[in-house]
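Close look at the chain arrangement
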Amino acid sequence: KVCCMASIKNAMKLAEKYPDARISIHYIDIRAGGEMYEEYYKRAQELGVSFIRGRVAEVEESDGKTIIHYEDTLSGEKCSDITDLVVLAIGMEADKDSRQIGKMLNLSTRPDRFFQSAHPKMRPVETHTKGIFIAGCASGPKEIQVSIEQGSAAAAKALSLLYKGEIDIEPASAYVIPDLCDGCGICEKICDFGRIKVTDRKASVDEVACRGCGACTAACPNGAIQIRNYTDEQILSQITEATKEGSEFPLIVGFLCHWCSYAAADLAGSLRIQYPTNIRNIRVLCAGRINPSFVLEALRRGADGVLVSGCRLGECHYTIGNICAVQRMNVLGKILVDLGFDERRFRVAWIAASEGLKFAGIVEDFVKQLKEIGPIGSELKQE
Ligand code: SF4
Ligand code: SF4
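Residues numbered from 1 in each chain as written. Chains lettered and ligands numbered in written order. Predicted model: local features only at pLDDT ≥ 70, side-chain atom pairs only at ≥ 80, totals over all residues. Heavy atoms only, no water.

1. So, the pattern of salt bridges
Heads up, the condition is: Any carboxyl oxygen of Asp or Glu that lies within 4 Å of a side-chain nitrogen of Lys or Arg is treated as forming a salt bridge with it. Relative accessibility decides the category of a residue: with a 1.4 Å probe and only protein chains considered, values under 20% of the type maximum give buried, values over 50% give exposed, and everything between is partly exposed.
As enumerated under the stated definition, the model contains 18 salt bridges in all. With a shortest N-O distance of 2.8 Å, Lys164 and Asp168 are connected by a salt bridge. Accessibility expressed as a relative area gives 46% for Lys164, which makes it partly exposed. Look at Asp168 and you get exposed, because its relative accessible area is 53%. As a salt-bridge pair, Asp365 and Arg347 come within 2.7 Å of each other at their nearest N and O atoms.

2. Some points on the nonpolar core
Selection criterion: Residues belong to a common nonpolar core when they are buried Ala, Val, Leu, Ile, Met, Phe, Trp, Tyr or Cys residues joined through side-chain atoms within 4.5 Å. The domain boundaries here were taken from an automatic or database domain assignment. Here, residues are in contact when the closest pair of their heavy atoms is within 4.5 Å.
In terms of nonpolar packing, the biggest core is built from 46 residues, with Ile225 and Phe255 touching the most fellow members. Lining this core are residues from two domains, each supplying at least three of them: domain 3 (174-229) and domain 4 (245-374). Residue contacts for Ile225: discarding those within four places in its chain leaves Ala174, Tyr175, Val176, Cys187, Ile196, Val205, Cys216, Thr217 and Cys220. The next biggest cluster of nonpolar side chains, apart from the first, holds 15 residues, and it includes Ile252, Leu256, Ala349 and Ile362.

3. Examining the domain arrangement of the chain
For the chain, the assigned domains are domain 1 (2-83), domain 2 (98-164), domain 3 (174-229) and domain 4 (245-374). Computed from C-alpha atoms alone, the centre-to-centre distance between domain 1 and domain 2 is 34 Å.

4. A word on the packing of aromatic side chains
Our working rule: Stacked, edge-to-face and tilted labels apply to pairs of Phe, Tyr and Trp rings (six-membered ring for Trp) whose centres lie within 6.5 Å, assigned for plane angles under 30 degrees, over 60, and everything in between, in that order. Each helix is a run of H or I in the DSSP string that is no shorter than four residues. Each strand is a run of E no shorter than two, and both are numbered from the N terminus. Comment: the charge-over-ring label is applied if NZ (Lys) or CZ (Arg) is within 6 Å of the ring centre and within 35 degrees of the ring normal.
All told, the structure shown has four aromatic pairs when counted by the stated rule. The interplanar angle of 90 degrees and the centroid separation of 4.8 Å between the aromatic rings of Tyr41 and Phe51 together place this pair among those described as edge-to-face. Of this pair, Tyr41 sits in helix H2 (residues 37-46) while Phe51 sits in strand S2 (residues 50-53), placing them ten residues apart in sequence. For Tyr41, a relative accessible area of 13% gives the class buried. Here Phe51 falls in the buried class, since its relative accessible area comes to 15%. Pairwise contacts between aromatic rings join Tyr27, Tyr41 and Phe51 into one cluster. When the ring centre of Phe193 is taken as origin, the NZ or CZ atom of Arg211, which lies over that ring, is 5.2 Å away.

5. Re the site of ligand 1
Counted only if it meets this: Working definition: residue near molecule or strand if any one of its non-hydrogen atoms lies within 4 Å of it. Each residue gets one label: Ala, Val, Leu, Ile, Met, Phe, Trp, Tyr, Cys and Pro are nonpolar, Asp, Glu, Lys and Arg are charged, and the others, such as Gly, are polar.
Ligand 1 sits among 13 residues. The nearest are Cys181, Cys184, Gly185, Cys187 and Cys220. Per-class residue counts for the shell around ligand 1 are nine nonpolar, three polar and one charged.

6. Considerations on the site of ligand 2
Surrounding ligand 2, one finds 13 residues, the nearest of these being Cys191, Cys210, Cys213, Gly214 and Cys216. Of the residues contributing to the shell around ligand 2, the split by class is nine nonpolar, two polar and two charged.

7. With respect to a nonpolar patch on the surface
Inclusion rule: Two distance rules govern patches: like charges are joined within 9 Å, and nonpolar side chains (Val, Leu, Ile, Met, Phe, Trp, Tyr) within 5 Å, applied only to residues with over 30% relative accessible area and no salt bridge. Note that accessible areas follow from Shrake-Rupley with a 1.4 Å probe, and for residues the cover is restricted to the protein chains shown.
Together, Leu161, Ile167, Ile169 and Val208 make up a nonpolar patch on the protein surface, roughly 330 Å² of accessible area in all. One can find Ile167 in the loop between helix H4 (144-164) and strand S6 (174-176). Among the residues examined, Ile167 registers a relative accessible area of 53% and is labelled exposed.

8. A short note on the pairing of strand S5 (residues 77-83)
Remember that side chains alternate between the two faces of the sheet whenever the strand is regular. Heads up, the condition is: Think of it this way: DSSP has to see at least two bridges between two strands before they count as a pair.
Inspection of the sheet shows strand S4 (residues 65-72) paired to S5 by seven bridges, in the antiparallel sense. The residue bridging Thr66 from the neighbouring strand is Thr83, located in S5. Hairpin connection from S4 to S5: four residues lie between these consecutive antiparallel strands, with Gly76 at a positive phi of about 80 degrees.

9. Notes on unusual backbone geometry
Residues Phe249 and Pro250 are joined by a peptide bond in cis, for which omega reads -10 degrees. Relative to the helices and strands, Pro250 resides in the loop between helix H7 (232-242) and strand S10 (252-257). Despite not being glycine, Arg113 has its phi angle at roughly 75 degrees, a positive value. Relative to the elements of secondary structure, Arg113 occurs in the loop between helix H3 (98-105) and H4. Notably, Asp200 is not glycine yet its phi reads approximately 50 degrees, a positive angle. Mapping Asp200 onto the fold places it in the loop between strand S7 (196-199) and strand S8 (202-205).

10. Things to note about the sheet that holds S4
Defined as follows: Note on geometry: axes are lines fitted to C-alpha atoms, helical ones only across the stretch in contact, with angles between N-to-C directions running from 0 to 180 degrees.
One open sheet accounts for three strands, arranged S3-S4-S5; its pairing is antiparallel. Single-partner strands in this sheet number two, and they are strand S3 (56-62) and S5. The mean angle between the axes of side-by-side strands here comes to 20 degrees, regardless of whether they run parallel or antiparallel. One ladder, built from six bridges, connects S3 with S4; its direction is antiparallel. In the sheet register, Val56 faces S4, and the bridge partner there is Tyr70.

11. What about the environment of Phe115?
Relative to the assigned elements, Phe115 resides in the loop between H3 and H4. Given the relative accessible area of 11%, Phe115 is considered buried. For the pair Phe115 and Thr127, spaced twelve residues apart in sequence, the C-alpha separation works out to 8.3 Å. With near-sequence residues (within four places) excluded, Phe115 lies in contact with Ser98, Ile101, Gly102, Leu107, Ser108, Thr109, Arg110, Ile134, Ala138 and Ser139.

The structure is reproduced here in C-alpha cells:
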C-alpha cells in the first residue's frame, strides 16, 4: 500500500514537472485501497503515467543505454524499453537502532524490528509499557493518512494521562517477601517488562510499573514473590473449594486467563451456549501466572482433569506470558506421565475472548474423554 502510492506520487510529480517525460510504473498488483486513492491512481493515468503489469526480468546496460526487459502479463507480450532512469521502489524497513531504542524504553520489537503494539486491532498505538505510545511507521509501514490518525490517537492517549494528574496502577502487582528471597535472579530474567531488580541478593519490584502478569511468581522457586490479590495461598484456597464437591464426575478444574479464555467462558455463558457443568474455573490474570504446582494440587485434591487456558499464542496481553506457560506446561505434561497419570487428564488450550463456542466445545470434549478414562487415580490402580 505504501510502496504503490509513493511510486504513483513520485511519478505524478515527475509528470507535472516534465510533461514530455515518458513514465511507466511496473507493478504486480496496485494497492490503492484508501479514501480517494483510486482517484489518485486514475489521475496519474490521465497525466500520462503508464502502468505495466508484470515483473521486470532484467535491467541491462548496453552501449551506454539502460534497457529493461519485461513481460506485459496483460497482453502476454515480451518487451524491451530503453530508459534514462530506473528506480526500484523498495519495501520500508525499521531503523537499524530500533532494538536498542526498544531496550531503553522497554518496548518489544517484532522479528522485522518494528515496535510491537499492545494489540494490532484493539490497541494499535499502545505498547506493553504503560505511558509509551507509538504511531505511524514505528509499528510498521504506514501511509501518511494512517500515520496522522495514529499520531493524533497517541497524543490524545498521552494527554488523557497527563490531564488526570495521577495514574491508575494495577491492583494486582508483584511484591517480594524478603525473608524468602535468596536473590537467585530468576524473576529478574523472566520479567519481560524489566520491573524487577536484584541487588544485594534481594529482589525488589517497581510496583507502580508492574503489570501484574505473575510470570515472575510462577517462576520463583521459593514462593518469595507474590501478586496482590492472586497470591499462591489465595489460588490454593480456590483449588480446595473447587475440588470440595466430590459428587460430580468428571470434575475439571480450569485455570483461565482473565483477558481471553475467562472472557470466552463468560461469552459462552452470555450467549447461552450449552456445555457440561463439570468445570470449575479459577481466574488468573495471565496463563504465565499458573504455577505447575496448582495443576498437581488440583489433581491431588481429586480433580479428574485440569484445563490450563490463555490467550492465543502471539496475542498475550503481557507479550510472553502464554509462551512461559507453554514451556512450563510441556514439562509438567511429561512429569504427569512419569508419575503414571494418563496424559489426557491435562489439557492446554489457547482461546480468544471471542471464542465462546470453542471454549464450550473444549469442555464438552474433555468431559467425554475423562468419562472414558475414568475417575482420577484409576490408571494408577491398574498399574
Ligand atoms: S526468583 Fe524468587 S528467590 Fe529468586 S530473586 Fe526472584 S524473588 Fe528472589
Ligand atoms: S508481575 Fe509481571 S510485570 Fe510484574 S514484576 Fe512480575 S513479571 Fe514483571
